[in-house]
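Fold and contact review
Chain by chain, the residues run as shown.
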Amino acid sequence: MTTLSRPSRPARAAGDLYRAVWRWHFYAGLLVLPFLISLSLSGGAYLFKDEIDGWYHSDLKHVAQMSDVTISPDAILASAQEVVPGTAVKFTPPAKAGDTAEVTIATDRGRMAVYVSPYDGLVQGVMPDRTTLSWTIRQLHSLKYFGPYARYAIEIAAGWSVLLVATGLFLWWPRGQKGGVLSVRGTPQRRVFWRDLHAVTGLVAGGFIVFLAVTGMPWSGVWGANVNEWANGSNFGYPSGVRVDVPMSDRKLNDIAQTSWSLEHARIPESPNVGASSITLEQAVAAFDRMGLAPGYAVSLPVTPDGVFTGSVYPDDLSRQRVVHLDQYSGKPLLDMSYGDYGPGGRALEWGINTHLGQTYGLANQIVLLAVCMAIILMSVAAAAMWWKRRPAGRLGVPPMPQNRRVFRGLIAMLALGGVIFPLVGLSLIVMLSLDFCVTRWGGNRGIAAT
Amino acid sequence: MQTHTISAILGALLLALPLGSQAQPVTQGDLTVSDGFMRAMPPNAPVAGGYLTITNNGTADDRLVSASSPEAGEVQVHEMTMNGDVMKMRELPDGLPIPAGQTVTLTPGGNHLMFLKVATPFTEGQTAHATLVFQNAGQLEVPLAVGPMNARKAGGRAPADPHAGH
């Protein structure tokens, strides 16, 4: 950084801006580095959720295929309830030959997932619902594992990652240097090696990181929840375009089974006329099969007299997302929704979410995102290494404050815009700005100035 | 080990208590089989569990190798294992050991017999039959009284008060 030591006037202005951006890149990195590593590890694993659960819980999810004939869904349900007394709330038929059926039963100890062989009706095993290895990884990814509030940290981290990419791109921008644009200079002993490794990897991965941060936002606690309400709040929570002319209960789709983001607040219709006897689960499953629901769909069972059978499936192929509610007495569909019924905004969001999950483009989707996760970890390591090599002994080594602080104004204006769109991120920016102000005001530049 | 002790105590209690209209104990060689029971099958149920108590009064270990029933196409000997919160049920390929001097209970939520391909669902009040095949003691015919759907033990009553026998 000797070029910055005695610059001419225009060069000093440019140097000031460079310092300002560098300083914020440093702060952002310091804050979100641990989250980025944790998100990359858990996210990289969760891309392969089906593979992971199929392998880790193989003895629950698979059985030896004994014949082409399977017993009726009602028999599977009865067998599960014999082992786990309670109210059956959900039935997931085997997606393919050799898979077990899954019955979810509400008990006084919480919901239990019961895995039953569809060939002889034997229960293979029982575990608390949503405790498979992939569910645990998912909860680690969203930080819900650590309680309802921890996930707000992810929302902040996502916002700061966008800031990291933007400031990182600015710092990467070629300024006449001979390397470190698309090539890596030096050896691991030298700081420039880590700086170039970080910058070049970031150039390739940056766009994907922004994509992941933005498409992850719909799940977030403040922004995601509010946008969801705003986008789907009217019309009983159904996306615009879906006609809703059947009686509605107060229960929401998300209460009974995992649903798509757009339908989290969609209310469940009621069976309009309580009849003498319900159709059997076998008849409901036959109806869903006839209507062409993709294999792997789940059937939520009616638990009240005006309840409905709800078949839902969110397969890798977005266009086959489907939710169908059946009148539990007549067996007629009350509401039948698919991806095509969502508005353009809903479709775009669902595409983003599905691609974030590594589903839209099959194996290529999984591999590309896994590579991005590995790139993020590599960049984090490189970032830590270059900071360590630059850092004055015993000090934090915050990049120096620009001499002309007016260059901050443009930067702050940009941050403010982002902060308004993502309020929780904005709030964290204000906190960080104040901290930075206090440190430079009262701490001076003595403790933090570097090179 | 503790659960073994508790099962043994419970088994002994069950033996000691007069439990009314239930299947009589059956003895052959060193083995006594008692308190055989099942639960009435709910409509549509494809399989049913069978529960009983086996006491080995001898000095040699024995083993329940297999079972059959005229009322079921197949009877399997199943073990139940807990690993953390995950419960698994599997057929015991080598059967169930009945150690010398000990009592082994087959109970709901524990090891049990599994009746498959039951032609006519068992109903409360009926008596089912099983033929147990032991490595040493040979074949043994035992009756299993069919109790209500939620029966936890033979006679279909709530678990015995440990002080009831005093």
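Residues numbered from 1 in each chain as written. Chains lettered and ligands numbered in written order. Predicted model: local features only at pLDDT ≥ 70, side-chain atom pairs only at ≥ 80, totals over all residues. Heavy atoms only, no water.

**Overview of a negative patch on the surface**
Residues and elements named next belong to chain A. Together, D50, E51, D316 and D317 make up a negatively charged patch on the protein surface. Positionally, D316 belongs in the loop between β8 (308-313) and β9 (322-327). For D316, a relative accessible area of 37% corresponds to the partly exposed category. (Patch = residues over 30% accessible without salt bridge, like charges linked within 9 Å, V, L, I, M, F, W, Y side chains within 5 Å. Areas by Shrake-Rupley, 256 points an atom, 1.4 Å probe, with all protein chains shown as cover. Salt bridge = Lys/Arg side-chain N within 4 Å of Asp/Glu carboxyl O. Lys, Arg positive; Asp, Glu negative; His and termini not counted. Charge placed at Lys NZ, Arg CZ, Asp CG, Glu CD. Helix = DSSP H or I, 4+ residues; strand = E, 2+ residues; numbered from the N terminus. Buried < 20%, exposed > 50% of the residue type's maximum accessible area, 1.4 Å probe, protein only.)

**Quick look at the UniProt feature "transmembrane region" (unreviewed entry) in chain A**
Residues and elements named next belong to chain A. Using the residue numbers shown here, the UniProt feature "transmembrane region" (unreviewed entry) corresponds to residues 26-48, 152-173, 193-214, 367-388 and 408-433. For residues 26-48, the end-to-end C-alpha separation is 32 Å, with 91% helix and 0% strand making up the annotated structure. In this annotation, residues 367-388 is assigned 100% helix and 0% strand; the end-to-end C-alpha distance for the span is 31 Å. (UniProt positions renumbered as here; feature names shortened; annotations may be inferred.)

**A short note on the pattern of salt bridges**
One pass over the structure, following the stated rule, counts seven salt bridges over all chains. In this structure, the salt-bridge partner of K88 of chain B is D59 of chain A, at a minimum N-O distance of 2.5 Å. Taken together, the positions of K88 of chain B in strand β6 (residues 86-91) and D59 of chain A in helix α3 (residues 58-61) put the pair across two chains. When its relative accessible area of 21% is taken as the criterion, K88 of chain B is described as partly exposed. Each of R185, R195 and D196 of chain A takes part in one network of salt bridges that share partners.

**Looking at a nonpolar patch on the surface**
Residue and element names in this part refer to chain A. Taken together, the side chains of L169, W173, L182, L203 and V204 make up a nonpolar region of the molecular surface, amounting to roughly 530 Å² of accessible area. Structurally, the position occupied by L169 is in helix α6 (residues 152-172). You can call L169 partly exposed: its relative accessible area is 43%.

**Considerations on the nonpolar core**
Across soluble globular proteins, nonpolar side chains show a tendency to be buried alongside one another. Counting residues in hydrophobic clusters, the biggest one holds 46 residues, and the most contacted among them are W24, W160, L163, I209 and L429 of chain A. Of all elements in the fold, only α1 (9-46), α6, α7 (191-216), α8 (223-232), α12 (362-390), α13 (407-421) and α14 (423-442) of chain A reach the threshold of two or more residues within this core. A per-element tally of this core places α1 of chain A first, with eleven residues. The contact partners of L429 of chain A, leaving out residues within four places of it in the chain, are W24, W160, L163 and L415 of chain A. If you look at the next biggest cluster of nonpolar residues, it comprises 34 residues, including M41, V75, L92 and L140 of chain B. (Core = buried A, V, L, I, M, F, W, Y, C linked by side-chain atoms within 4.5 Å. Contact = heavy atoms within 4.5 Å.)

**Describing the interface of chain A and chain B**
The interface of chain A with chain B comprises 18 residues on the first partner and 18 residues on the second. Around 1500 Å² of area is buried between chain A and chain B when both sides are counted, 60% of it from carbon and sulfur atoms. Counting across the chain A and chain B interface gives two salt bridges. Breaking the side of chain A that touches chain B down by element, the ones donating at least two residues are α3, α4 (73-83) and β4 (123-128) of chain A. Bridge analysis of β4 of chain A against β6 of chain B gives two bridges, and the strand direction is antiparallel. Among the inter-strand pairings, V126 of chain A is bridged to a residue of β6 of chain B, identified as M87 of chain B. (Buried area = accessible area lost by both parts, 1.4 Å probe. Pairing = 2+ DSSP bridges.)

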